[in-house]
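The chain contents come next:
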Amino acid sequence: MDHLDAKRFLQEKYLNTAELDRDVCIFSFVGRITEQKGVDLICSVVEEMIIKSDYKIAFIVGGPAEKGDPHGEMVISACEYLINKFPKNFYANPRAFFFDVPVLALGSNYCLMPSRFEPGGIVQHEFFIASTPAVVFATGGLKDSVTEYNYSTGEGNGFEFIVYEREDFIMAIDRAFKVFQNKEAYRRLRKNAFKSAIDVANVSKEWCSEVYKLRGKVFVDKLKIIEEIEEDKEHAKASDEETKSAKALKYSEVDIKYYGKATDQVYVAGSFNGWNEHEHRMSYNHLTKEFHCSIKLSPGTHHFKIKVNGKWRLDHNKKTTTDKNGEEVNILVLK
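Throughout what follows, the structure given in this document is the object of discussion. No experiment lies behind these values; they were computed from the predicted model shown. (Residues numbered from 1 in each chain as written. Predicted model: local features only at pLDDT ≥ 70, side-chain atom pairs only at ≥ 80, totals over all residues. Heavy atoms only, no water.)

Helix and strand content of the protein: 10 helices and 15 strands. Taken against the 2.2 N^0.38 rule, which gives 20 Å for 335 residues, the C-alpha radius of gyration of the protein at 35 Å runs more than 25% over that of a compact globule. Along the first, second and third principal axes, the C-alpha atoms of the protein reach 110 × 55 × 35 Å. Contacts spanning at least 24 positions in sequence make up 67% of the contacts within the protein whose residues lie at least 6 apart. Accessible surface for the protein amounts to roughly 19600 Å². Of this, 53% is attributable to carbon and sulfur atoms. Taking the average place of the 47 positive charges on the side chains of the protein and the average place of its 50 negative ones, the gap between the two points comes to 7 Å. (Helix = DSSP H or I, 4+ residues; strand = E, 2+ residues; numbered from the N terminus. Rg over C-alpha atoms; globule rule 2.2 N^0.38 Å. Contact = heavy atoms within 4.5 Å. Areas by Shrake-Rupley, 256 points an atom, 1.4 Å probe, with all protein chains shown as cover. Lys, Arg positive; Asp, Glu negative; His and termini not counted. Charge placed at Lys NZ, Arg CZ, Asp CG, Glu CD.)

The structure is reproduced here in structure tokens:
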């Protein structure tokens, strides 16, 4: 089952829609219906958002309210009103447990988490694993794990509202809906959401490490050590192969000469050193009255020129050619 299969399932089962409607943006909540979780805030914006979007926004609230909780009873009443008024755009059954969480995470277009406070938050990562971005109140672990999507940079994995008010929440949903309508931007956003999911294995290791610290011990990740050993072996193997390749090449020592005055500043540069004008300075021999420089070169074709007192010169004792820039240069061909 992929995203669209899951979305079709949600629309058929919970939104009374016989066929998949790709243009409807589904915002979903899953969790306990308590004052902390902010489902009352969701209910307060549903009617306005559905009408304003011309019925192209739908909401699914999955999760039970605690029996006898005054806040829960208030939310149940609001949900019953919305279900009756918008049967194809709103679903909730606060009196029953919600069993389709994996499909909800996969088929929704956004996860809603308007929690008044949330020390950590795990639900957003359940949705991230399914590539579903989140709209959250910027608090606690939600603020740490969800970043506002940026149209210019293409970065971010969801949308935040900073002030816990209905109007600010509506603006965040508006921004999310606009990105949903831009197929390319929404594709990037889903990709970012998937990359944001925390690996549970890493979280488990961090908890193990903390428990070990409490007992005055050091946690050792055996799998990580084995991986590092294997990586070291691969690096060593690659290094050996590079060394063998280097030894297999037969370097030739080439002596380059230039006749000039002892006061001249003479350098040789070429394709063998990226045309670095100051790497190979030529030495003057007072007996032969010539400059010379010995360079070890690998097999192949090399171009070079001599620079004397800031001006390029050719070695007329060596062959010349025209390079790709139309410049005359000396050429050496070594086998």
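The next point concerns helix α8 (residues 183-196). Taking 1.5 Å per residue, 14 residues should reach 20 Å; α8 reaches 20 Å between its end C-alpha atoms and fits that length. Among the residues of α8, A185, Y186, L189, R190, N192 and A193 are the ones counted as buried. Angular distribution of buried residues about the axis of α8 spans 160°; they occupy a single face of the element. Away from the buried face of α8 by more than 90 degrees, exposed residues K183 and K195 are located. The secondary structure elements touched by the buried residues of α8 are α1 (3-14), α4 (101-107), β4 (110-113), α5 (123-129), β6 (158-161) and α7 (166-181). (Expected span 1.5 Å × (residues − 1). Buried < 20%, exposed > 50% of the residue type's maximum accessible area, 1.4 Å probe, protein only. Arc of directions from axis to C-beta.)

With 5 bridges connecting them, strand β8 (residues 266-270) and strand β12 (residues 300-308) associate as antiparallel partners. Along β12, the bridge assignment pairs V266 with V308. Bridging between β12 and strand β13 (residues 311-313) involves 3 bridges; their strand directions are antiparallel. Bridging from a neighbouring strand, V308 pairs with K311 of β13. Hairpin remark: β12 followed by β13, antiparallel, with 2 residues in the connecting loop; positive phi at N309, about 50°. (Pairing = 2+ DSSP bridges.)

Quick look at the packing of aromatic side chains now. The geometry of an aromatic ring pair is captured by two quantities: the separation of the ring centres and the angle between the planes. Scanning the model with the defined rule gives 19 aromatic pairs in all. Judged by centre distance (4.9 Å) and plane angle (55°), the rings of Y284 and F291 are tilted. Within the aromatic cluster, the residues linked to one another by ring pairs are F27, F59, Y110, Y149, Y151, F159, F177, F180 and Y186. (Phe/Tyr/Trp six-rings, centres within 6.5 Å; stacked < 30°, edge-to-face > 60°.)

Moving on, we come to the nonpolar core. One recurring pattern in soluble globular proteins: nonpolar side chains tend to sit buried together. Grouped together as the largest cluster of nonpolar side chains are 41 residues, with contacts concentrated most on F27, F59, F90, Y110, V135 and F169. The contacts of F169, once residues within four sequence positions are left out, are L41, I42, V45, L112, P114, V135 and F161. The next biggest cluster of nonpolar side chains, apart from the first, holds 25 residues, and it includes L104, M113, V146 and A193. (Core = buried A, V, L, I, M, F, W, Y, C linked by side-chain atoms within 4.5 Å.)

A word on a negative patch on the surface. A surface patch of negative charge is lined by E227, E228, E231 and D232. Inspection of the secondary structure puts E228 in helix α10 (residues 222-248). The exposure class assigned to E228 is partly exposed, which follows from its relative accessible area of 40%. (Patch = residues over 30% accessible without salt bridge, like charges linked within 9 Å, V, L, I, M, F, W, Y side chains within 5 Å. Salt bridge = Lys/Arg side-chain N within 4 Å of Asp/Glu carboxyl O.)

Looking now at the pattern of salt bridges. Under the counting rule described, the total for this entry stands at 16 salt bridges. Note that E230 is salt-bridged to K233, the shortest N-O span being 3.8 Å. Of this pair, E230 and K233 both sit in helix α10, separated by 3 residues, roughly a single helical turn. Overall, E230 belongs to the partly exposed group, its relative accessible area being 41%. E290 serves as the salt-bridge partner of K257, at 3.9 Å between the closest nitrogen and oxygen. Pair noted here: K257 is in strand β7 (residues 252-259) and E290 is in strand β11 (residues 290-297), with a separation of 33 residues, a long-range link.

So, on to the side chain of H125. Inspection of the secondary structure assignment puts H125 in helix α5. Not counting chain neighbours up to four residues away, the residues in contact with H125 comprise S145, S196, A197 and I198.

Moving on: the packing of helix α2 (residues 39-52) against helix α3 (residues 70-85). In helix packing, the relevant descriptors are the interaxial angle and the interaxial distance, both defined with respect to the helix axes. Relative orientation of the contacting elements α2 and α3 amounts to 25°, with a least axis distance of 10 Å. Of the possible angle classes, the one that applies to α2 and α3 is roughly parallel. The interaxial crossing formed by α2 with α3 has left-handed handedness. Contacts between α2 and α3 involve V39, D40, C43, V46 and E47 from the first element and H71, M74, V75, A78, C79, Y81, L82 and K85 from the second. In the contact of α2 with α3, the residues fall into 9 nonpolar, 1 polar and 3 charged. (Axes fitted to C-alpha atoms, helices over the stretch in contact; angles between N-to-C directions. Parallel < 35°, antiparallel > 145°, perpendicular 65-115°, else oblique. Left-handed = near helix turned anticlockwise from the far one by under 90°. Nonpolar A, V, L, I, M, F, W, Y, C, P; charged D, E, K, R; others polar.)

Time to look at unusual backbone geometry. The bulk of non-glycine residues show a negative phi, and the bulk of peptide bonds are trans. The backbone phi angle of Y55 is positive, close to 65°, even though this residue is not glycine. Among the secondary structure elements, Y55 is positioned in the loop between α2 and β2 (57-62).

Quick look at the sheet that holds β7 now. On the basis of which strands lie adjacent, the open sheet formed by 3 strands has the order β7-β11-β10 and antiparallel pairing. Each edge of the open sheet carries a strand with a single partner, namely β7 and β10 (283-285). For this sheet, the mean inter-axis angle between neighbouring strands, taken without regard to orientation, is 35°. Pairing analysis gives 8 bridges linking β7 to β11, with the strands arranged antiparallel. Paired with V254 across the strands is I295, a residue of β11.

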